[in-house]
Amino acid sequence: MSTNDWPGILGDFEHLGRPDQPSHQYKEESYEHCTTALESYHHAAHALIYADDDSIKFKFYPARAAIMMQMRCDGYVGFPGGMVDDGENIEAAVNRELREEIGLNLKKYEITKEDHFMSQVSEFKKLCLHFYVKKVTLEEFFEIEMDCLRAPDHGTEVMGALRVPLYTMGDGMRGLPVFLANQFIGNARQQLITALLKLGIMTEDEVIKVLKGTEMFKSSL
Ligand SMILES: O=c1[nH]cnc2c1ncn2[C@@H]1O[C@H](COP(=O)(O)OP(=O)(O)O)[C@@H](O)[C@H]1O
């Protein structure tokens, strides 16, 4: 069987999109190092858009925050974003992709260098993944969600925006633990968990409990 099973125009990128193996570990590197010493690597940029949400879901679970991810055309869950074209500035690339994939109104919500959150490198793939985090109000978040359906890539590259459930239900699995058992593209799962911790949305103890719930769910299948 061919090693490239993505026919058509996606074929050129197939090797970058394969599910990650343990040998594809991502190491955090500075933005500056990535854009100088590692300039010849492939670069991709993705963004997490979120809002604080102090509502209580089902009269019981604190929502904590609204975090946007998306269902991709390949069935994986990831953040909006994509490859940086040759010679393209990284922020220009992430804004271009966000406009295409989620219809982001760039006049209002342009991603800037100040929104850079972390960059990680896969030596195996010779790939730098740049991650941006943008905080908006809950009202603005609704507005961004509404625009997703009109995005040029909606229904082709992107099958829909989704919100991450940040609560865990009574059985210790439903909610975020089950969500984390999805298949994530690249290091999106790691990016999500790092953001939950660094943004103070969840404590380390809470995350550990959630990850145990994910393992419990997987072993129940
Ligand atoms: O949400 C994400 N977080 C981290 N890496 C991702 C995410 N989505 C895709 N990637 C990785 O980024 C690279 C570009 O993929 P993507 O499908 O976003 O680009 P494209 O839309 O330009 O084709 C691939 O290596 C993929 O594994």
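Thresholds applied
Residues numbered from 1 in each chain as written. Predicted model: local features only at pLDDT ≥ 70, side-chain atom pairs only at ≥ 80, totals over all residues. Heavy atoms only, no water. UniProt positions renumbered as here; feature names shortened; annotations may be inferred. pLDDT = per-residue confidence, 0-100. Pairing = 2+ DSSP bridges. Helix = DSSP H or I, 4+ residues; strand = E, 2+ residues; numbered from the N terminus. Buried < 20%, exposed > 50% of the residue type's maximum accessible area, 1.4 Å probe, protein only. Arc of directions from axis to C-beta. Contact = heavy atoms within 4.5 Å.

- Taking an unreviewed UniProt entry as the reference, the chain is identified by name as U8 snoRNA-decapping enzyme belonging to Owenia fusiformis.
- Taken directly from UniProt, the Sequence similarities (unreviewed entry) text for the chain runs: "Belongs to the Nudix hydrolase family. NUDT16 subfamily."
- Recorded under Cofactor (unreviewed entry), the UniProt text for the chain is reproduced unchanged: "Co(2+)".

## Focus: the confidence of the model for the chain
Next up, step 1: Confidence in the prediction for the chain averages 92 pLDDT; 89% of positions are at 70 or higher.
Next up, step 2: Confidence metrics for the complex model read pTM 0.92 and ipTM 0.96.

## Here we look at the pairing of strand β3 (residues 61-72)
Residues in a regular strand project their side chains so that they alternate between the two faces of the sheet.
Next up, step 1: Note: strand β2 (residues 42-57) against β3, six bridges, orientation antiparallel. Note on β3: the bridge partner recorded for Lys-57 is Tyr-61.
Next up, step 2: Where β3 and strand β8 (residues 158-163) come together, five bridges link them in antiparallel fashion. Considered in β8, the bridge of Gln-70 is made with Ala-161.
Next up, step 3: Two strands pair when backbone bridges link them, and β3 and strand β4 (residues 77-78) are joined in this way by two bridges, in the antiparallel orientation. Bridge pairing links Met-71 to Val-77 in β4.

## Let's talk about helix α5 (residues 138-148)
Because each turn of an α-helix spans 3.6 residues, side chains separated by three or four positions end up pointing in the same direction.
Next up, step 1: Buried residues of α5: Phe-141, Ile-144 and Cys-148, and no others. Around the axis of α5, the buried residues are gathered within 60° of arc, so they sit on the same side. Summarising the geometry of α5, the exposed residues directed more than 90 degrees from the buried face are Glu-139 and Met-146.
Next up, step 2: Contact partners of the buried residues in α5: β2, β3, α3 (90-102), α4 (106-109) and β8.

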